[in-house]
Amino acid sequence: MRDDFTNDTIAAIITAPGIGAMGALRLSGPAAFVAAARVFRSKRGRLMEELGDYSLTYGGIYAGDCFLDQALLLKMKGPHSFTGEDVAELQCHGGPVVLGRLIETLTSWPDLPIRPAQPGEFSQRAFLNGKMDLSQAEAVMELVSASNQKAAGLAAEQIEGALSRRISQIKSRLLNLLASIEVDVDFPDEGLGDREGAKGWSRQLRQILNDTAELLAAANLGKIYREGLRIVFYGRPNAGKSSLLNGILQEPRAIVTPEPGTTRDTLEERILLKGIPLVLTDTAGIRETGSQAEKAGVDRARQMALKADLVLYIVDMQEGITAEDSDLLAELDKARTLIVFNKMDLIEEDENGTMTAEAMKEAGFEDWQCCRLSALDPRSLEILAKHIKSFFVTGRHYRQSQEILLNRRQEEALLKAKTALEAALAVLEKGWPEDMAAIDLKQAWSALGELTGETVQPALVEEIFSRFCLGK
Ligand SMILES: Nc1nc2c(ncn2[C@@H]2O[C@H](COP(=O)(O)OP(=O)(O)OP(=O)(O)O)[C@@H](O)[C@H]2O)c(=O)[nH]1
Ligand SMILES: [Mg+2]
């Protein structure tokens, strides 16, 4: 972190480059108002000191005596500003020339050094001045880069402090526990450390651990909104996997032929289905084969199925659930699999319900999720969408909980906290000395602090904010 942090004033264009209805430039730091006064003249000739601490003033911007544009000056006095410092924002017509001249002028005075801001520097100052914690600052980036409404909504909640509140609840309970253990280590004669005490600690710790695990589960759900639900089309050759993929995409993306073994490689496509972002992967039909290319495809398909959030196991209903299907299904996780009976158009309508039910029962999969459709029928899309949505949203398979968004850094910190809490619990339950548990609990505390930024290293803070865009 720079030593001159509290002394220097920074400036940057905060609107996207190019031509737009509006362009804006932000100044933050102790000299923000003095600098703004040198380039801005109010229409009514009012001086900067005469303007309210939180005010909007109409006027013009100048480079020396050269009039550049009409503008609005937004004045916000620290600490009640975005960065916590004095902030002046100049809003004018959007265009690269005027704003370019303005920033040049602002950074050209030897007697009033104003520095161009680095990417993310305004947000970094907001963080360092305690205006928001790290998880909130990072959520700002999530919000601007969100690809769908839900992800944007989750990011917005995080900016409002949803994640911070949950973390701080866990932390305060952890601190209580840690304090009572430490008291006991320091003053063993006070009699707190009897067997009852240790049991109470374990109970409290289990609760803290539960909450942490729940937060991680909620993060998994949030991750799906950010990165998409990974759905893999899986099954034997010719079942209709590629046909169904094409049906959902409403375009002939994958090659379909009546020949088994048509698809060799995996094929990935993204789509937004009823507001849920999906990453669809078509795979090679699973069978024993002499062809090297097909074999490689089959291996890939199996790997994809293992990594999927949801496997659509496609069954060719002309053949029903075969022994091979049973073997393949047995390798899958029931909670993450939807059996799709395909080619129902080839089955008599009045028979289809009983046929699929019987097939499931015979094969021993009667309690698995299933649906019936025909990949060639456009109405199938509705059926499938309904199942995917119910799988995803009603939380039959994922526990319904308030989703949160975590980036990789945050997820790692949370996992680290959980591992440390588990280690502490093991110590307490085995009746080992409690100061050993205290070491683990302190580690958990520090890992949780990394999420909100209290225990994070300054270098990491620099690194995180440098990923922000210029002007943020
Ligand atoms: N009648 C009917 N035919 C279908 C249906 N779905 C797929 N087919 C046909 O079944 C054949 C195989 O379809 P594909 O989509 O290539 O099957 P696949 O599972 O991708 O096959 P591989 O890539 O070889 O593993 C094609 O001739 C499709 O037209 C369906 O619902 N009804
Ligand atoms: Mg195929």
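Rules and cut-offs
- Residues numbered from 1 in each chain as written.
- Chains lettered and ligands numbered in written order.
- Predicted model: local features only at pLDDT ≥ 70, side-chain atom pairs only at ≥ 80, totals over all residues.
- Heavy atoms only, no water.
- Helix = DSSP H or I, 4+ residues; strand = E, 2+ residues; numbered from the N terminus.
- Rg over C-alpha atoms; globule rule 2.2 N^0.38 Å.
- Buried < 20%, exposed > 50% of the residue type's maximum accessible area, 1.4 Å probe, protein only.
- Areas by Shrake-Rupley, 256 points an atom, 1.4 Å probe, with all protein chains shown as cover.
- Lys, Arg positive; Asp, Glu negative; His and termini not counted.
- Charge placed at Lys NZ, Arg CZ, Asp CG, Glu CD.
- Patch = residues over 30% accessible without salt bridge, like charges linked within 9 Å, V, L, I, M, F, W, Y side chains within 5 Å.
- Salt bridge = Lys/Arg side-chain N within 4 Å of Asp/Glu carboxyl O.
- Donors = N, O, S within 2.8 Å, 3.2 Å for Na, K, Ca; no water.
- Domains from an automatic or database assignment.
- 1 Å grid on protein atoms, 1.4 Å probe; cavity = no way out; pocket = protein on both sides within 12 Å on 5 of 7 lines; lining within 4 Å.
- Points joined across faces, edges and corners; volume = space filled by probe spheres on them.
- Near = heavy atom within 4 Å.
- Polar contact = N/O pair within 3.5 Å; in protein donor to acceptor, adjacent residues only side chain to side chain.
- Sits in = over half its atoms within 2 Å of the grid points.
- Nonpolar A, V, L, I, M, F, W, Y, C, P; charged D, E, K, R; others polar.
- Pairing = 2+ DSSP bridges.
- Axes fitted to C-alpha atoms, helices over the stretch in contact; angles between N-to-C directions.
- Contact = heavy atoms within 4.5 Å.

**A few points about the overall build of the chain**
Within the chain, the secondary structure is distributed over 15 helices and 13 strands. For 472 residues, the compact-globule estimate of 2.2 N^0.38 gives 23 Å, and the C-alpha radius of gyration of the chain, at 30 Å, exceeds that figure by more than 25%. Here the C-alpha coordinates of the chain stretch approximately 85 × 75 × 40 Å along the principal axes. Per-residue burial over the chain gives 50% buried out of 472 residues. Here the chain has roughly 23300 Å² of accessible surface; of this, 52% comes from carbon and sulfur atoms. Put simply, the chain has 54 plus and 69 minus side-chain charges, and the middle of one group is 4 Å from the middle of the other.

**Some remarks on a negative patch on the surface**
On the surface, Glu348, Glu349, Asp350 and Glu351 cluster together to form a negatively charged patch. Tracing the sequence through the fold places Glu349 in helix H11 (residues 349-363). Since its relative accessible area comes to 68%, Glu349 is described here as exposed.

**Examining the coordination of the magnesium ion (ligand 2)**
Distances from the magnesium ion (ligand 2) to its protein donors, Ser242 (OG) and Thr263 (OG1), fall at 2.0 Å. In this pair, Ser242 sits in helix H8 (residues 241-249) while Thr263 sits in the loop between H8 and strand E9 (267-273), placing the two residues 21 residues apart along the sequence.

**Examining the pattern of salt bridges**
In this structure the tally under the stated criterion is 27 salt bridges. Notably, a salt bridge pairs Glu269 with Arg253, separated by 2.6 Å at the nearest N-O pair. Highlighted residues: Glu269 in strand E9 and Arg253 in the loop between H8 and E9, separated in sequence by 16 residues. Accessibility expressed as a relative area gives 35% for Arg253, which makes it partly exposed. The salt bridge involving Lys334 is made with Asp367; its shortest N-O contact spans 2.9 Å. Taken together, the residues Lys334 in the loop between helix H10 (323-330) and strand E12 (337-342) and Asp367 in the loop between H11 and strand E13 (369-372) connect sequence positions 33 residues apart. Salt bridges here are not isolated pairs; linked through shared partners, they connect Asp8, Glu85, Arg115, Glu121 and Arg125.

**Describing the domain arrangement of the chain**
Along its sequence, the chain is carved into domain 1 (3-132), domain 2 (144-224 + 404-453) and domain 3 (228-375). One C-alpha centre belongs to domain 1, the other to domain 3; they are set 58 Å apart.

**Examining empty space enclosed by the protein**
According to the stated counting rule, one finds one cavity of 30 Å³ or more in the structure shown. Empty space within the largest cavity amounts to approximately 30 Å³. For the largest cavity, the full set of lining residues is Leu310, Thr337, Leu338, Gln369, His387, Ile388 and Phe391. With three residues, helix H12 (residues 380-393) is the largest single contributor of residues to the lining of the largest cavity.

**Some words on the site of ligand 1**
In the neighbourhood of ligand 1, 23 residues make up the surrounding shell, with Lys241, Ser243, Gly261, Thr262 and Thr263 lying closest. Here an oxygen atom of ligand 1 sits 2.8 Å away from a polar atom, N or O, in the main chain of Thr262. At a separation of 3.2 Å, an oxygen atom of ligand 1 approaches a polar backbone atom of Gly285. Notes on ligand 1: free accessible area 660 Å², of which the protein chains cover 89%. With respect to the pocket detection grid, ligand 1 is positioned in the largest pocket. When its residues are assigned to classes, the shell around ligand 1 shows eight nonpolar, 11 polar and four charged.

**Here we look at the sheet that holds strand E11 (residues 310-316)**
Strand order in the open sheet formed by six strands is E9-E10-E8-E11-E12-E13, and the pairing between neighbours is mixed. Lying at the two open borders of the sheet, with one neighbouring strand each, are E9 and E13. Averaged over all neighbouring strand pairs, the angle between strand axes comes to 25°, with direction disregarded. Of the strands in this sheet, strand E8 (229-235), E11 and E12 are in contact with H10, which crosses E11 at around 175°.

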